[in-house]
Amino acid sequence: MAEKRRAARIQGRIREELAVTLRDQISDPRLSHVRVTRVELPDDLQIAMAFFRLEAPVKDDEALCKDALKALTLANGRLRRAMGASLGLRYTPELRFRYDDAPDATTRIEELLRDPGSALTTYVQELCAASPLPIVLLLDEADSLIGAPMVSFLTQLRDLYIALATSTTPQSVVLIGL
């Protein structure tokens, strides 16, 4: 348990140190709009996976993301050295970078929940068709919906249940946290 708390604490410190180093010490123009959104670090503290996004006015264009990833890879040594000096760990974790697409998926689901009709059903059916594995969709804070969005949400859930019951992946489930 203590190892998990330590890893969580160090994740935050790594994210902060990467942000400061990118802002103050790295002059590559491809990194001027990079924002480190989160860091994942296993309990053994060996490999730090840093997720990034591009801030405005630059859009999250695929080519710009690839350029930013290349630039981050080239700056990896400097970033790791700065991180090691700041953190004071016996072993500085290896840095790996990945574009953070989690906000895109979250935004897509939020749009589907606001959109009346069968958008949620269509989206989950697309997910089921794309993967042979069961799909588990967790929708939390559903009780914050009021009025028409709540009706749309409940209608879409009913339609989704019917669609999944008759599809080739009946083992897929939707969990709702209220």
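Residues numbered from 1 in each chain as written. Predicted model: local features only at pLDDT ≥ 70, side-chain atom pairs only at ≥ 80, totals over all residues. Heavy atoms only, no water.

A.B. asks: Please clarify how the nonpolar core should be interpreted in this entry.
C.D. replies: For soluble globular proteins, the rule of thumb is that nonpolar side chains tend to be buried together. Counting residues in each nonpolar core, the largest one holds 27 residues, and the members touching the most others are Ile14, Leu18 and Leu79. Every element with two or more residues in this core is listed here: helix H1 (2-24), strand E1 (34-40), strand E2 (47-54), helix H2 (62-74), helix H3 (76-87) and strand E3 (94-99). Here the element with the most residues in this core is H1; it accounts for five residues. Setting aside anything within four residues of it in sequence, one finds Leu79 in contact with Leu18, Thr21, Leu22, Ile26, Leu72, Leu95 and Phe97. The next biggest cluster of nonpolar side chains, apart from the first, holds five residues, and it includes Val124, Cys128, Phe153 and Leu160. (Core = buried A, V, L, I, M, F, W, Y, C linked by side-chain atoms within 4.5 Å. Buried < 20%, exposed > 50% of the residue type's maximum accessible area, 1.4 Å probe, protein only. Helix = DSSP H or I, 4+ residues; strand = E, 2+ residues; numbered from the N terminus. Contact = heavy atoms within 4.5 Å.)

A.B. asks: Would you take a moment to explain the side chain of Thr92 for this structure?
C.D. replies: With respect to the helices and strands, Thr92 occurs in the loop between H3 and E3. Here Thr92 falls in the buried class, since its relative accessible area comes to 18%. The contact partners of Thr92, leaving out residues within four places of it in the chain, are Arg80, Met83 and Gly84.

A.B. asks: Quick question: what am I supposed to make of unusual backbone geometry here?
C.D. replies: Excluding glycine, most residues fall at negative phi; most peptide bonds, likewise, are trans. Of note in this structure, Leu45 is not a glycine but carries a positive phi near 60°. Tracing the chain through its elements places Leu45 in the loop between E1 and E2. Judged by relative accessible area, Leu45 falls into the buried class, the value being 9%.

A.B. asks: Help me out: how do you make sense of the pattern of salt bridges in this one?
C.D. replies: Where side chains of opposite charge bring their charged atoms close, a pairing between them can arise. Applying the stated criterion to the full structure yields seven salt bridges. Between Arg30 and Asp28 there is a salt bridge, with the nearest N and O atoms lying 2.8 Å from each other. The partner of Glu40 in a salt bridge is Arg38, and the shortest N-O contact between them spans 2.5 Å. For Arg38, a relative accessible area of 28% puts it in the partly exposed group. Each of the salt bridges in this network shares a partner with another, and the network as a whole consists of Arg38, Glu40 and Asp100. (Salt bridge = Lys/Arg side-chain N within 4 Å of Asp/Glu carboxyl O.)

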